[in-house]
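# Per-entry structural report
In case you want the letters, here they are:
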Amino acid sequence: MMRRGILLVNLGSPKSTSVEDVKEYLDEFLMDERVIDYRWFFRYLLVRGIILKTRPAKSAEAYKTIWTSEGSPLIVYTEKIKTKLQQKVDMPVEIGMRYAEPSIETGLRKLAEQGVTEVILFPLYPQYAMSTTETVIAKAEEVRKLKFPNLSIKYVGSFYQQELYLDCLAQSIKEKLPEDFDTLLFSYHGVPERHLPKVDKKITSLIPNWGEDQGKPLYEIDYKQQCLNTTVAIASRLNLDGKAQTSFQSRLGKDKWIEPYTDATLQNLPKQGKKKLVICCPAFVSDCLETLEEISVEARSIFLNAGGETFHYISCLNDEDRWIDVIKALVSESTEVGNHQELF
């Protein structure tokens, strides 16, 4: 008899804030061909010959500013999501990370040990990109074929245009908005421009088609447009009346990344008379280094030093109860079972 289980997959985190652990994590992350899409030799020279010589020490210091007594915020929040979701479903729930531990392999093994034969794998990324959802599915398929050939996996696709997710995100942002602000900046994780047209159809063929956006399947809309569409949908729900802007953060290297850049936007807003800023990060569902340090600390400093007066960061969905309900519904929909009672 088939038994289902759920695997929630997020980016991952170093084991600790030590330089050695951060270096090990960055090596696995940056050597992924879907993150830095150079040929292996050139990727090796860039990552191990240049980046890993200096970046681990700097990143380790950044991680120290956000690390909690429980560990990495991203891992902690993903564990909390797992615990809450487990209380709502009658099937095992585990977590896995694309990089470092607990790995996707570890998560699949835990499910298999509980008698699971069909895994519903949920990449926790609202928008589809080569370096997010796609690399998760590619890794999961690689692990399944090598280690768990008797497991079947169904994947939850990108959900940035799903009404229940947009309603959830909009309500969460609304409850955290201050009364007085000039701009709500939607800062998404950036990618190199050359990534935009790259879609692995072998991967997307494994994802259920959840509708269309601009007449195309959701995953065929390039990542930048997915982000812009997310901003429009949330701005409409919140009646922002021209106060919403979109930008992209976390550039790495000298390649051209998608614009406008968050740091440049932060410097320009005060010059335009927009000095009371609110910022959110809808490419992330869990707070992590890129939100808690890069935005809440670094971006705050950039904006205030440029002449801004107030800076308010809106946290991610994290383990909010309404977000857990959305995860449950999206997992159910991905199985193509019409009656949720049949699944849960």
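Per an unreviewed UniProt entry, the protein chain is named Ferrochelatase, and its organism is Bergeyella cardium. As stated in UniProt under Function (unreviewed entry), the record for the protein chain gives "Catalyzes the ferrous insertion into protoporphyrin IX." Entered under Pathway (unreviewed entry) in the UniProt record, the comment concerning the protein chain runs "Porphyrin-containing compound metabolism; protoheme biosynthesis; protoheme from protoporphyrin-IX: step 1/1."

## A short note on the packing of helix 6 (residues 163-176) against helix 12 (residues 321-334)
The N-to-C vectors of helix 6 and helix 12 enclose an angle of 170°; their axes lie 10 Å apart at closest approach. On the basis of the axis angle, helix 6 is roughly antiparallel to helix 12. Taken together, the residues of helix 12 that come into contact with helix 6 (itself represented by L164, Y165, C168, Q171, S172 and E175) are R322, W323, V326, A329 and L330. Within the contact of helix 6 with helix 12, the residues separate by chemical class into seven nonpolar, two polar and two charged.

## Let's talk about the sheet that holds strand 4 (residues 152-155)
Taken in spatial order, the four strands of this open sheet run 2-1-3-4, and their pairing is parallel. Two strands in the sheet have a free side with no partner beyond their single neighbour: strand 2 (93-99) and strand 4. Going from strand to strand, the sheet's axes swing by 30° on average, the running direction of each strand aside. The sheet contact formed by strand 1 (residues 4-12) and strand 3 (residues 118-123) spans six bridges and is parallel. Its bridge partner being in strand 3, R4 is matched across the sheet by E118.

## Description of the pattern of salt bridges
The tally for this structure, following the rule as stated, stands at 28 salt bridges. Across the pair K198 and D37 runs a salt bridge whose closest N-O atoms are separated by 2.5 Å. Taken together, the residues K198 in the loop between strand 5 (183-189) and helix 7 (201-204) and D37 in the loop between helix 1 (19-30) and helix 2 (40-66) connect sequence positions 161 residues apart. Its relative accessible area of 34% is what places K198 among the partly exposed residues. As a salt-bridge pair, K84 and D319 come within 3.7 Å of each other at their nearest N and O atoms. Residue K84 is located in helix 3 (residues 73-86), and its partner D319 is located in the loop between strand 10 (310-313) and helix 12; the two are separated by 235 residues in the primary sequence. The exposure class assigned to K84 is partly exposed, which follows from its relative accessible area of 26%.

## Side note on the environment of E333
Structurally, E333 can be placed in helix 12. With a relative accessible area of 34%, E333 lands in the partly exposed category. Considering only alpha carbons, one finds E333 and P208, 125 residues apart in sequence, at a separation of 9.1 Å.

## Quick notes on the UniProt feature "binding site: Fe(2+)" (unreviewed entry) in the protein chain
Residues annotated in UniProt with the feature "binding site: Fe(2+)" (unreviewed entry) correspond here to H189 and E290. A maximum C-alpha distance of 8.2 Å among these annotated residues, which run over 102 residues, shows that they cluster at one spot. Residue placement: H189 occurs in strand 5. Once you skip the residues sitting within four places of it in the chain, H189 turns out to touch Y223, F248, Q249, S250, A283, F284 and E290. For E290, the position within the fold is in helix 10 (residues 289-292).

## Notes on the packing of aromatic side chains
Using the criterion set out here, one finds eleven aromatic pairs in the structure. Summarising the aromatic geometry, the rings of F41 and F42 are spaced 5.6 Å apart at their centres and angled 75° between planes, so their arrangement reads as edge-to-face. Judged by relative accessible area, F41 falls into the partly exposed class, the value being 48%. Three or more aromatic residues link up through ring pairs in this structure, and these residues are F122, F159, Y165 and W323.

## Structural notes on helix 3
Its 14 residues give helix 3 an end-to-end C-alpha distance of 20 Å, which sits within 8% of 20 Å, the value for a rise of 1.5 Å per residue. When helix 3 is considered as a whole, its buried residues turn out to be P73, L74, I75, V76, T78, I81 and L85. Looking at the buried residues of helix 3, the elements they touch are strand 1, helix 2, strand 2, helix 10 and helix 12.

## Describing the environment of H312
By the element assignment, H312 lies in strand 10. Each C-alpha atom, one on H312 and one on Q226, is 24 Å from the other, the two residues being 86 residues apart in sequence. When neighbours within four sequence positions are excluded, H312 is seen to be in contact with K176, P178, L277, V278 and I279. Looking at H312, its side chain comes within polar contact range of the main-chain oxygen of K176, at 3.0 Å.

## Overview of a nonpolar patch on the surface
A cluster of nonpolar residues, W40, F41, F42, Y44 and L45, forms a patch on the protein surface that exposes about 550 Å² of accessible area. Its place among the elements puts Y44 in helix 2. With relative accessibility at 34%, the residue Y44 sits in the partly exposed group.

Rules and cut-offs
Residues numbered from 1 in each chain as written. Predicted model: local features only at pLDDT ≥ 70, side-chain atom pairs only at ≥ 80, totals over all residues. Heavy atoms only, no water. UniProt positions renumbered as here; feature names shortened; annotations may be inferred. Axes fitted to C-alpha atoms, helices over the stretch in contact; angles between N-to-C directions. Helix = DSSP H or I, 4+ residues; strand = E, 2+ residues; numbered from the N terminus. Parallel < 35°, antiparallel > 145°, perpendicular 65-115°, else oblique. Contact = heavy atoms within 4.5 Å. Nonpolar A, V, L, I, M, F, W, Y, C, P; charged D, E, K, R; others polar. Pairing = 2+ DSSP bridges. Salt bridge = Lys/Arg side-chain N within 4 Å of Asp/Glu carboxyl O. Buried < 20%, exposed > 50% of the residue type's maximum accessible area, 1.4 Å probe, protein only. Phe/Tyr/Trp six-rings, centres within 6.5 Å; stacked < 30°, edge-to-face > 60°. Expected span 1.5 Å × (residues − 1). Polar contact = N/O pair within 3.5 Å; in protein donor to acceptor, adjacent residues only side chain to side chain. Patch = residues over 30% accessible without salt bridge, like charges linked within 9 Å, V, L, I, M, F, W, Y side chains within 5 Å. Areas by Shrake-Rupley, 256 points an atom, 1.4 Å probe, with all protein chains shown as cover.

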